[in-house]
Amino acid sequence: MQEPGTRELVRMWISGWAVSRGSAEPVDQPWGWSIDVGAPAGEVGRHVLPEPTEAEVRKIAENTTAPHTWLKLFAEDTVVRPWLGPRWRLDAPGFLMSTPLGPERPEPPAGFTVTTWERGGVLRALVRTGAGHLAARGQAGLAGPVAVPDQITTVPGFRRRGLGGLVMRTLQSAAYERGARTGVLVGTPDGQALYTALGWTTHAPMASLVLEPEPQPQP
């Protein structure tokens, strides 16, 4: 069976990401997709280009006036940064990754418990200490045969104990039990190391840029 290309993997990613974040449905565009987000942290929306060209990116930027609009461009930072003006702030790079899913049923280390549940198509995994303190957590958006792990975090005092891997493997197994067969995500540089160790494959880099508000004139 032929592996999906970058465009199809990006489509799979945004389908589950939109479920995980509760955003609007991605809207097809000639160059990719637009997504209305309206996140409390200030993300108005995002434009996702799996195969960005300079002409397309410049045109989108010219037509974008709302601050906190993001561009997700599947290319190296150094390639796309010159295409955009100074109000577009470059954020940390991401990495498009995927893995086949299977039944794993991981066991938590001694002294920890893991709880999973699903609501509204979003799987959640919560790792706590015996005293009930939060140690790690994560979620995954389910979109048919695709699961998209998202917001995987470990509390600083509990890092390097394998809890991030436990969260990921728990979500992967629970997603498989619900019919998902492929995991797709965009990981941070730190996350990429964890996911690679868990068997995920990196397919493409992703540059993230956000439109900052206009500078206010000094009194």
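Preceding this section is the structure that the text describes.
Residues numbered from 1 in each chain as written. Predicted model: local features only at pLDDT ≥ 70, side-chain atom pairs only at ≥ 80, totals over all residues. Heavy atoms only, no water.

A short note on the side chain of Arg 46
Tracing the sequence through the fold places Arg 46 in strand β3 (residues 45-49). Engagement of the side chain of Arg 46 in a polar contact is seen with the side chain of Glu 43, the distance being 2.7 Å. Not counting residues up to four positions away in its chain, the partners in contact with Arg 46 are Trp 13, Trp 17, Trp 33, Ser 34, Ile 35, Val 37, Trp 70 and Lys 72. (Helix = DSSP H or I, 4+ residues; strand = E, 2+ residues; numbered from the N terminus. Polar contact = N/O pair within 3.5 Å; in protein donor to acceptor, adjacent residues only side chain to side chain. Contact = heavy atoms within 4.5 Å.)

Quick look at the pattern of salt bridges
The tally for this structure, following the rule as stated, stands at ten salt bridges. For Glu 54, the salt bridge goes to Arg 58, with nearest N and O atoms at 2.9 Å. With Glu 54 and Arg 58 both in helix α2 (residues 54-62), this residue pair falls four residues apart, about one helical turn. For Arg 58, a relative accessible area of 36% translates into the label partly exposed. Among the ionic contacts, a cluster of salt bridges with common partners joins Arg 89, Asp 91 and Glu 212. (Salt bridge = Lys/Arg side-chain N within 4 Å of Asp/Glu carboxyl O. Buried < 20%, exposed > 50% of the residue type's maximum accessible area, 1.4 Å probe, protein only.)

Details of the packing of aromatic side chains
Applying the stated criterion across every chain, the model contains three aromatic pairs. Measuring from centroid to centroid gives 5.9 Å for Trp 13 and Phe 74, while their planes differ by 75°, and the two rings are edge-to-face. Taken together, the positions of Trp 13 in helix α1 (residues 6-21) and Phe 74 in the loop between β4 (69-73) and α3 (77-80) put the pair 61 residues apart, joining distant regions of the chain. Their ring planes at 85° and their centres at 6.0 Å tell us that Phe 112 and Phe 158 sit as a pair that is edge-to-face. Of this pair, Phe 112 sits in strand β7 (residues 112-119) while Phe 158 sits in the loop between β10 (146-154) and α4 (163-177), and the two are 46 residues apart along the sequence. With respect to class, Phe 112 is no different from Phe 158; both count as buried. For the cation-ring pair, Arg 7 lies above Trp 33, with the distance from its terminal atom to the ring centre recorded as 5.0 Å. (Phe/Tyr/Trp six-rings, centres within 6.5 Å; stacked < 30°, edge-to-face > 60°. Lys NZ or Arg CZ within 6 Å of the ring centre and 35° of its normal.)

Things to note about the environment of Pro 67
With respect to the helices and strands, Pro 67 occurs in the loop between α2 and β4. Between the C-alpha atom of Pro 67 and that of Trp 33, which follows or precedes it by 34 residues, the distance is 19 Å. Apart from residues lying up to four places away in sequence, Pro 67 is in contact with Val 44, Arg 87, Leu 211, Glu 212 and Pro 213.

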